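Below are the chains, spelled out letter by letter.
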Amino acid sequence: MYIVMMLRFSKRGVFIMKIITLKSDSPETVVPLLKNAVEREKKIIMDTIRKSKEKINSLAKTLGVDTGKLMKGDVEHTETNDMQLIELEGEIEILGHLETELKALETVEICK
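Predicted model, so just to flag it, every value in this text is computed and none were measured.

S.K.: If you had to explain the overall build of the chain to someone new, which residues and values would you point to?
M.R.: For the chain, the helix and strand inventory stands at 3 helices and 3 strands. Reading the secondary structure of the chain in the N-to-C direction produces β-β-α-α-α-β. Of all 112 residues assigned to the chain, the portion counted as buried reaches 26%. Accessible area of the chain: about 8100 Å², with a carbon and sulfur share of 55%.

In structure tokens:
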């Protein structure tokens, strides 16, 4: 029996469905496992996003910087704040990647 995973990708506002086919001798066991794994991963990513946002807010508050201006390059790096600003910029980048991963997982449909 086959297990089909359908993924939707947006290309300029148009969703394109990509299909991944998996073969299994026991889809009645594998399908629930895959669904649980996807849900578990989404929960992990959501928790990590929450923690990342908390860290970003804390660093931005401590440094007294606007994250939008920081990412545009409008915040001056000095000897005293350089390492913390780099850490903040990195955390913002990580948050973007996490949000992209979560959006991708939210489009997954597992069918029998």
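S.K.: Lay out the packing of helix α1 (residues 27-63) against helix α3 (residues 82-106) in plain terms, naming residues and giving numbers.
M.R.: Two elements in contact, α1 and α3, have axes separated by 9 Å at closest approach and are oriented at 155°. What the angle tells us is that α1 and α3 run roughly antiparallel. Relative to α3, α1 is oriented so that their crossing is left-handed. Split by residue class, the contact of α1 with α3 holds 15 nonpolar, 3 polar and 9 charged.

S.K.: Pulling in residues and values, what's your account of the confidence of the model for the chain?
M.R.: Scored by pLDDT, the chain comes out at a mean of 87, with 85% of its residues at no less than 70. Within the chain, strand β1 (residues 2-11) has the poorest average pLDDT of any element, 55, and α1 the best, 95.

S.K.: Tell me about the side chain of Glu 91, and name the residues and values.
M.R.: The residue Glu 91 is located in helix α3 in this model. What makes Glu 91 buried here is its relative accessible area of 11%. Those residues in contact with Glu 91, other than ones at most four positions away along the chain, are Ser 52, Lys 55 and Ile 56.

S.K.: I'd like a rundown of α1, residues and numbers included.
M.R.: The terminal C-alpha atoms of α1 lie 53 Å apart, and with 37 residues this matches the ideal 54 Å at 1.5 Å per residue to within 8%. Every buried residue belonging to α1 is among Pro 27, Val 31, Val 38, Lys 42, Ile 45, Ile 49, Ser 52, Ile 56, Leu 59 and Ala 60, and all of these are buried.

S.K.: Tell me about the pattern of salt bridges, and name the residues and values.
M.R.: Side chains that differ in sign of charge can pair as their charged atoms come close. Per the stated rule, a full pass over the model turns up 6 salt bridges. Of the charged contacts, one joins Arg 50 and Asp 47 as a salt bridge, the two residues approaching to 2.6 Å between their closest N and O atoms. Note that Arg 50 and Asp 47 are positioned in helix α1 at a spacing of 3 residues, about one turn of the helix. Judged by relative accessible area, which is 40%, Arg 50 ranks as partly exposed. Of the charged contacts, one joins Asp 47 and Lys 51 as a salt bridge, the two residues approaching to 3.3 Å between their closest N and O atoms.

S.K.: An account of the nonpolar core is needed here, citing residue identities and associated values.
M.R.: Core analysis: the biggest nonpolar cluster contains 19 residues, and Ile 45, Ile 49, Val 65, Leu 70 and Leu 88 have the highest contact counts within it. Within the residue set of this core, elements represented by two or more residues are α1 and α3.

S.K.: Outline the side chain of Asn 81, listing residues and values.
M.R.: Inspection of the secondary structure assignment puts Asn 81 in the loop between α2 (67-72) and α3. Polar contacts involving the side chain of Asn 81 include one to the main-chain amide nitrogen of Thr 78, which spans 2.6 Å. The residues touching Asn 81, leaving out its near neighbours within four places in the chain, are Leu 63 and Glu 76.

Thresholds applied
- Going along each chain's sequence as written, the residues are numbered from 1 onward.
- Confidence filtering applies because this is a predicted model: local features only for residues at pLDDT of at least 70, side-chain atom pairs given and counted only at 80 or more, and all residues used for totals across whole chains, interfaces and linings.
- Note: side-chain values were computed over all heavy atoms of the structure, leaving out hydrogens and water.
- Here a helix means four or more residues in a row that DSSP labels H or I, a strand means two or more in a row labelled E, and each is numbered from the N terminus.
- Partly exposed describes any residue whose relative accessible area lies between the buried limit of under 20% and the exposed limit of over 50%, with all areas from a 1.4 Å probe on protein chains only and scaled to the type maximum.
- Only the protein chains shown count as cover for residues, and all accessible areas are computed by the Shrake-Rupley method using a 1.4 Å probe.
- The axes are straight lines fitted to the C-alpha atoms, using for helices just the contacting stretch, and the angles between their N-to-C directions are given from 0 to 180°.
- Note on angle classes: values under 35 degrees are labelled roughly parallel, values over 145 roughly antiparallel, values of 65 to 115 roughly perpendicular, and the remainder oblique.
- In this scheme the crossing of two helices becomes right-handed for a clockwise turn of the near helix relative to the far one and left-handed for an anticlockwise turn of less than a right angle.
- Any residue outside Ala, Val, Leu, Ile, Met, Phe, Trp, Tyr, Cys, Pro, Asp, Glu, Lys and Arg is labelled polar, Gly included; the first ten of those are nonpolar and the last four are charged.
- Note: pLDDT gives the predictor's confidence per residue, expressed from 0 to 100.
- Here, two residues are considered to be in contact whenever any of their heavy atoms come within 4.5 Å of each other.
- To estimate the expected span of a helix, subtract one from its residue number and multiply by 1.5 Å.
- What makes a salt bridge here is a side-chain nitrogen of Lys or Arg within 4 Å of a carboxyl oxygen of Asp or Glu, nothing more.
- Nonpolar cores were defined as sets of buried Ala, Val, Leu, Ile, Met, Phe, Trp, Tyr and Cys residues, with membership established by side-chain atoms within 4.5 Å.
- Two N or O atoms count as a polar contact when they lie within 3.5 Å, although within protein this holds only if one can serve as hydrogen donor and the other as acceptor, and sequence-adjacent residues are included solely when both atoms are side-chain atoms.

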